[in-house]
Amino acid sequence: MTQIPVERKVLGENDRIAAALREEFRRRGIFCLNLISSPGAGKTLLLERTLEGFAPGRRVAVLTGDIQTDNDARRLARYGFPVQQITTAGACHLDARMVERHLANWDLGSIGLLLIENVGNLVCPTSYDLGEDAKVVILSVAEGDDKPLKYPGIFHRAELLVLSKIDLLPYVPFDIAAARDNARKVNPAIEIVEVSSTTGAGLDSWLAWLDRRAVH
Amino acid sequence: MTNRRRPRGPDVHELSIAQSVVEAVEKELENQPGALLRKIGLRIGELSGVDADSLRFSWECLTRETGFEGVALAIETRAWQRRCPPCELIFAVSDFQTVCPQCGTQETEHAGGNELDIAYLELETP
């Protein structure tokens, strides 16, 4: 029996495709975000509010991932920007190859901002690099304020935490200071904004982060 | 090793990871003609989002009746680690304490815990 050292990444093939996507985005000046949350945290509604506020000529495109249905793509397409649904048929995350395949349908020269809504899941999408500039994690106040400690992987990798559904704070036992502390324990550098896509509260802080981060 | 069934139906994350292990190891075995694979050594970080038990279970399901059936997975888990720039200490984070235990610096850097690597293969060579 011989033991041979390997030093190969398990997701090396995904990482290779993601690196090629990242290089292409850089070359074309595309800023790309990977939005991750558990199901029902408000990713799609946040994107709807975001698209709604953009000027019609804004060079934005959206890829939205779900296990089944094109409901989200139909919701997002109402704002007049290019949208594609990625249906994973079972897989609990998007991978770089799915993104690459769907981008082949678009003229990338006409895109400046690419928003990728991942499949609703706080664990699985964590491992898969999609070539994005930054991961954004969304946590709704209808969930637990200890989620950053229970799912440290995604909070550790995200640059921004969006605390969503803050209009529900009077009705739920969510401690927003504890949630902030917990996120910073896992990732001292994480930025945090608080929004309600229903009332519009805090959306300006999310859009300001987006504009600031996109120029770097 | 070419008799590979694709997973069907509802997926879990670790099943995709197990599939990726198969693909990565197949590539590695191209350089080892005739060798019989016995064991795969994996390194999995605490922050990788991959659960060792789920991966073992997925591995058994995925490789049943394929060329990889019976190949053992040896999983070494790696702690979440931070590095302190002033005193160059690398320490394991426990209870989410990212402050340097030696000098108290708060500005420590990521130093490990995201690993999802194949470390070694154990082979029987002809």
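Since the model is a prediction, treat every value here as computed from it, not as a measurement. (Residues numbered from 1 in each chain as written. Chains lettered and ligands numbered in written order. Predicted model: local features only at pLDDT ≥ 70, side-chain atom pairs only at ≥ 80, totals over all residues.)

1. Looking at the overall build of chain A
And then number 1: On a plain count of helices and strands, chain A comes out with eight helices and eight strands.
And then number 2: What you see for chain A is a C-alpha radius of gyration of 17 Å, in line with the 17 Å of a compact globule of 216 residues.
And then number 3: On the principal axes, the C-alpha backbone points of chain A span a range of 60 × 50 × 35 Å.
And then number 4: Taking all 216 residues of chain A together, 45% fall into the buried category.
And then number 5: In chain A, once contacts between residues fewer than 6 apart in sequence are set aside, the share between residues at least 24 apart is 73%. (Helix = DSSP H or I, 4+ residues; strand = E, 2+ residues; numbered from the N terminus. Rg over C-alpha atoms; globule rule 2.2 N^0.38 Å. Buried ≥ 20, exposed ≤ 12 C-beta atoms within 10 Å, placed from the backbone. Contact = placed C-beta atoms within 7 Å.)

2. Looking at the interface of chain A and chain B
And then number 1: Listed as interface residues are 28 residues of chain A and, on the opposing side, 29 residues of chain B.
And then number 2: Here the side of chain A that touches chain B takes eight residues from strand β1 (residues 2-9) of chain A, the largest share from any one element.

3. Observations concerning the confidence of the model for chain B
Residue and element names in this part refer to chain B.
And then number 1: Overall, the predicted model of chain B reaches an average pLDDT of 89, with 91% of residues at or above 70.
And then number 2: Segment residues 1-10 is flagged for pLDDT under 50; beyond a separation of four residues in sequence, or across chains, it makes 15 contacts in the model.
And then number 3: Overall fold confidence for the complex sits at a pTM of 0.91, while the interface term, ipTM, reaches 0.84. (pLDDT = per-residue confidence, 0-100.)

4. Digging into helix α7 (residues 176-186) of chain A
Residue and element names in this part refer to chain A.
And then number 1: Residues A179, N182, A183 and V186 constitute the buried set of α7. The buried residues of α7 occupy an angular sector of 100 degrees when projected down its axis, which confines them to one face.
And then number 2: In this fold, the buried residues of α7 make contact with β6 (134-140), α5 (147-150), α6 (152-157), β7 (160-164) and β8 (191-194). (Arc of directions from axis to C-beta.)

5. Quick word on the packing of helix α1 (residues 12-28) of chain A against helix α4 (residues 96-103) of chain A
Residues and elements named next belong to chain A.
And then number 1: For the pair α1 and α4, the least separation of the axes is 8 Å and the interaxial angle reads 40 degrees. In terms of orientation, α1 and α4 fall into the oblique class. Handedness of the α1/α4 crossing: left-handed. Seen from α1, the contacting residues are N14, I17, A18 and L21; seen from α4, they are A96, R97, V99 and E100.
And then number 2: Classifying every residue of the contact of α1 with α4 by side-chain character gives five nonpolar, one polar and two charged. (Axes fitted to C-alpha atoms, helices over the stretch in contact; angles between N-to-C directions. Parallel < 35°, antiparallel > 145°, perpendicular 65-115°, else oblique. Left-handed = near helix turned anticlockwise from the far one by under 90°. Nonpolar A, V, L, I, M, F, W, Y, C, P; charged D, E, K, R; others polar.)

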